[in-house]
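The primary structure of each chain is shown beneath.
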Amino acid sequence: MDTLASAPTVKATILDPWYNRGIGGERDDYNEWLAEVVHAACHVSEHVFLWGFPEILAYQIPAIPKGFRLLAWLTWYYKNCPSVVGGWRSAQNTCLHLAVDDVAVYPEHFLNQEQLERWKSGKMRFIPGPTSVIETPLNIGFVGKREQTGHPAQKPLAVIELLVLMATRPGNTVLDPMCGSGTTGEACRRLQRHTILCDSSPDYLDITCKRLYARRSQVDDTYGSQLE
Ligand SMILES: C[S@@+](CC[C@H](N)C(=O)[O-])C[C@H]1O[C@@H](n2cnc3c(N)ncnc32)[C@H](O)[C@@H]1O
C-alpha cells in the first residue's frame, strides 16, 4: 500500500497477490483488503490487471472503483497443474482487465508485418487481437525450465507479455507491487517498457534482482538494506 500510495502515475499496474492460502497465509478480511489494493492501483494507473482464482475475483466485480470498468475477463488455461481442489484438477487462473473509460488498447501490437500494412491501409475490417482465453502451460517440471526461478507462483513470461503489449507502448511504465520473481520486469525489459517493482519478501526481491541482472545498489533504498 505504501508503494502504491507513493507511486508515480503509470500506464498499467499488474496485481498478482497471493491467493489467501498456502504461502502468504490466510486473512479473514482478504476480499476487503484486496479491494483496497485495487482502489490504490486504480488511483495511479489507466489499466489495472488483477490476477487470482475465479472464486476469489468474483468478489471484486461489485467493488470495481468508480471511473473504471471491466474491459475484459481473461482466463489463463493450463493443463499441466497436478493440484486437485474439490475433486477438480486446477486448470485456470483469472485476470480482470480493468481500465478507465476510452482508454487506448493496442491489439495492433499482435499483428505481423503483412497484417499491419493491411490494417494501416484500412483494408482490415477488424483487428484480430489475442483471445481472452490464454492457453499456456505452467512452468513446472521440464516445462519452461529455462524460465523457472524457484519462486512458487511464477507466471509464464508469455502470459504477462500479452498484458503489457495490449495496454502499453514502448517507453510506458508498468507497476507491479507484488512482483514475486519479477516476471513483469522481464517482460518490460524485453518489450522496452519501464517498470517499477516491489515485493514484501526480500528473498523474492533477490530472485527478481538476479533475474533482471540488477545491481543491488540500484534497488530502491527502502528495500536495498533488506537485500544486503
Ligand atoms: C502470486 S506471487 C507473484 C508472482 C509473480 N507475478 C511472478 O510471476 O513471479 C505473489 C507475491 O506477492 C507477494 N506479497 C504478498 N503480500 C504482499 C504485500 N502485502 N506487499 C507486497 N508483496 C506481497 C509475495 O511475496 C509473492 O511474491
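Note that the coordinates shown come from a computational prediction; the quantities given were computed from them, not determined experimentally.

Cut-off values and rules
- Residues numbered from 1 in each chain as written.
- Predicted model: local features only at pLDDT ≥ 70, side-chain atom pairs only at ≥ 80, totals over all residues.
- Heavy atoms only, no water.
- Helix = DSSP H or I, 4+ residues; strand = E, 2+ residues; numbered from the N terminus.
- Rg over C-alpha atoms; globule rule 2.2 N^0.38 Å.
- Buried < 20%, exposed > 50% of the residue type's maximum accessible area, 1.4 Å probe, protein only.
- Areas by Shrake-Rupley, 256 points an atom, 1.4 Å probe, with all protein chains shown as cover.
- Lys, Arg positive; Asp, Glu negative; His and termini not counted.
- Charge placed at Lys NZ, Arg CZ, Asp CG, Glu CD.
- Axes fitted to C-alpha atoms, helices over the stretch in contact; angles between N-to-C directions.
- Parallel < 35°, antiparallel > 145°, perpendicular 65-115°, else oblique.
- Left-handed = near helix turned anticlockwise from the far one by under 90°.
- Contact = heavy atoms within 4.5 Å.
- Nonpolar A, V, L, I, M, F, W, Y, C, P; charged D, E, K, R; others polar.

Notes on the overall build of the protein chain
Item 1. Within the protein chain one finds eight helices and nine strands.
Item 2. Its C-alpha radius of gyration of 18 Å places the protein chain within 12% of the 17 Å reference for a compact globule of 228 residues.
Item 3. Its C-alpha atoms give the protein chain principal-axis dimensions of roughly 55 × 45 × 45 Å.
Item 4. Among the 228 residues that make up the protein chain, the fraction classed as buried is 46%.
Item 5. By element, 52% of the accessible surface of the protein chain is carried by carbon and sulfur atoms, the whole surface being about 12600 Å².
Item 6. Each charge class in the protein chain was averaged separately, 22 positive and 25 negative side chains, and the resulting centres sit 10 Å apart.

Structural notes on the packing of helix H5 (residues 157-167) against helix H6 (residues 183-190)
Item 1. The geometry of H5 relative to H6 is characterised by a closest axis approach of 9 Å and an angle of 60° between their N-to-C directions. Overall, the two elements H5 and H6 adopt an arrangement that is oblique. Crossing of H5 over H6 shows right-handed handedness. For the pair H5 and H6, the contacting residues are Leu157, Ile160, Glu161 and Val164 in the first and Thr183, Thr184, Glu186, Ala187, Cys188 and Arg190 in the second.
Item 2. Classifying every residue of the contact of H5 with H6 by side-chain character gives five nonpolar, two polar and three charged.

Read these as geometric descriptors, not functional statements.
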